[in-house]
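Tertiary structure, described
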Amino acid sequence: MYVHVNAAVSVDGKLSSRRRDQVTISGDADFDRVDRVRADADAVLVGVGTVLADDPHLTVDDADRRDRRRRDGRDGNPARVVADSRARTPTDARVLDDAATTYLLVSDRADPARLDALRDAGAEIVVAGGDDGRVDFAAAFDALAVDGVERTMVEGGGEVIFSLFEAGLVDELTLYVGSLVVGGREAPTLADGEGFVDDFPRLELVGVERVDDGVLLSYEG
Ligand SMILES: NC(=O)c1ccc[n+]([C@@H]2O[C@H](COP(=O)([O-])OP(=O)(O)OC[C@H]3O[C@@H](n4cnc5c(N)ncnc54)[C@H](O)[C@@H]3O)[C@@H](O)[C@H]2O)c1
Ligand SMILES: Nc1nc(=O)c(N)c(NC[C@H](O)[C@H](O)[C@H](O)COP(=O)(O)O)[nH]1
């Protein structure tokens, strides 16, 4: 699986505010770039924290890009994937509408009644839980690959991105740094989780570009 992480942060590295509600960091040009990256992916993945905070749709906005995908024999939208160990995704979440296939990655600790309700709401359930009750991304990606998902774009949040770095699964990172300060010791950052104390993952900087009133940094993992 090729994993491309994309996120937008403030100059102080925050994904959103201490209230964990969505902060618009990208400008129009960056959101258009995000749409292009989505259109190139087989799947777009977020954590359930992002679903609960932002209720994202995770589809391709641009109709020409959807048409191009269909001409290439693909679905108009990439699949949507939510890392959701305990199946907390609301059954009326926007990711569960019929615009695309949606996989929920759950652990074996998820409540079977919740899973039935989510299946009824249209979700495909993939059980891929590690011993700690969190989704084992390597196992989950192997399961998705069976369905033809070879390229996944990850749109956050900070807990999921940390886990992917920890597991050594990040091939590419694009980071839009907007020119605003959010602050707050409790505000989510690009990589939260437990944090590293040694063996810090190192990335190779491969691009720096001014976009909107911010900077787009491109790295290889
Ligand atoms: N600026 C951006 O680009 C951007 C993008 C996405 C989200 N956000 C913001 O980030 C915040 C949400 O991020 P978050 O960190 O709270 O949640 P998250 O989206 O990273 O989801 C975390 C949850 O995913 C589940 N999970 C399952 N397996 C996991 C694993 N192996 N590792 C980690 N989590 C696993 C757990 O239930 C965990 O609580 C919101 O405030 C949202 O607005 C910003
Ligand atoms: N690239 C980017 N720039 C931002 O300034 C910002 N706040 C997000 N946040 C990610 C967000 O949590 C969602 O995942 C999608 O940006 C919403 O996507 P939809 O339009 O609903 O499909 N992402």
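Everything discussed here concerns the structure shown above.
All residue numbers refer to position in the chain's written sequence, counted from 1. Following the order in which they are written, the chains are lettered starting with A and the ligands numbered starting with 1. Where totals are concerned, whole chains, interfaces and linings use all residues; where local detail is concerned, this predicted model gives features only for residues with pLDDT of at least 70, and gives and counts side-chain atom pairs only at 80 or more. To get the side-chain values, take all heavy atoms of the structure and skip hydrogens and water.

All right, on to the side chain of R38 then. Tracing the sequence through the fold places R38 in helix α1 (residues 28-40). A polar side-chain atom of R38 sits 2.5 Å from a polar atom in the side chain of E155. Per the convention used, a helix needs a DSSP run of H or I reaching at least four residues, while a strand needs a run of E reaching at least two, with both numbered from the N terminus. Between N or O atoms, a polar contact is any pair within 3.5 Å; within protein, one atom must be a potential hydrogen donor and the other a potential acceptor, and residues adjacent in sequence are included only when both atoms are from side chains.

What follows is about the site of ligand 2. Taken together, 17 residues are adjacent to ligand 2, and V23, I25, S26, D54 and L58 come closest. Within the backbone of V23, a nitrogen or oxygen atom sits 2.8 Å from a nitrogen atom of ligand 2. Within the backbone of I25, a nitrogen or oxygen atom sits 2.7 Å from an oxygen atom of ligand 2. Computed with the Shrake-Rupley method and a 1.4 Å probe, the accessible areas treat only the protein chains shown as cover for residues. For ligand 2, whose free accessible area comes to 530 Å², the fraction covered by protein is 84%. At the level of elements, β1 (2-9), α1 and α2 (48-54) are the ones that each hand at least two residues to the shell around ligand 2. To be near a molecule or strand, a residue needs just one of its heavy atoms within 4 Å of it.

Moving on, we come to the packing of aromatic side chains. Pairing of aromatic rings covers Phe, Tyr and Trp, the last counted by its six-membered ring, and requires centre-to-centre distances within 6.5 Å; plane angles under 30 degrees mean stacked, over 60 mean edge-to-face, and any other angle means tilted. Using the criterion set out here, one finds two aromatic pairs in the structure. Their ring planes at 40 degrees and their centres at 4.6 Å tell us that F162 and F196 sit as a pair that is tilted. Linking F162 in helix α6 (residues 158-166) with F196 in the loop between β7 (172-177) and β8 (204-211), this pair joins segments that are 34 residues apart in sequence. Taking the relative accessible area as the measure of exposure, F162 reaches 4% and is therefore buried. For each residue, the accessible area found with a 1.4 Å probe, counting protein chains only, is set against the maximum for its type, and the residue is called buried under 20%, exposed over 50%, and partly exposed in between. Note on F196: relative accessible area 28%, which makes it partly exposed.

The subject of this paragraph is helix α5 (residues 137-146). For α5, the complete set of buried residues consists of F137, A140, F141 and L144. Considered in projection along α5, the buried side chains sweep an arc of 100 degrees and stay on one side of the axis. Turned more than 90 degrees away from the buried face of α5 sit D142 and V146, all of them exposed. Where α5 is buried, its residues touch β1, β2 (43-47), β3 (79-83), β4 (102-106) and α6. Capping the start of α5 is the job of one residue whose side-chain oxygen sits 3.2 Å from the backbone nitrogen of A138: D136. Looking one or two places after α5, you find G148, whose phi comes out positive at around 90 degrees. Note: the arc covers the axis-to-C-beta directions of the helix. Contacts were defined at the residue level, with two residues in contact if any of their heavy atoms lie within 4.5 Å.

Attention now goes to the site of ligand 1. Neighbouring ligand 1 are 26 residues; A8, S16, T50, E155 and S163 lie closest to it. Backbone polar atom of L15 to a nitrogen atom of ligand 1: 3.1 Å apart, as the coordinates give it. Within the backbone of V160, a nitrogen or oxygen atom sits 3.0 Å from an oxygen atom of ligand 1. Mapped onto the shell around ligand 1, the elements with two or more residues apiece are β1, α2 and α6. Looking at the shell around ligand 1 element by element, the count peaks at five residues for α2. Put simply, Ala, Val, Leu, Ile, Met, Phe, Trp, Tyr, Cys and Pro go in the nonpolar bin, Asp, Glu, Lys and Arg in the charged bin, and everything else, Gly too, in the polar bin. A breakdown of the residues in the shell around ligand 1 according to their chemical character gives 11 nonpolar, nine polar and six charged.

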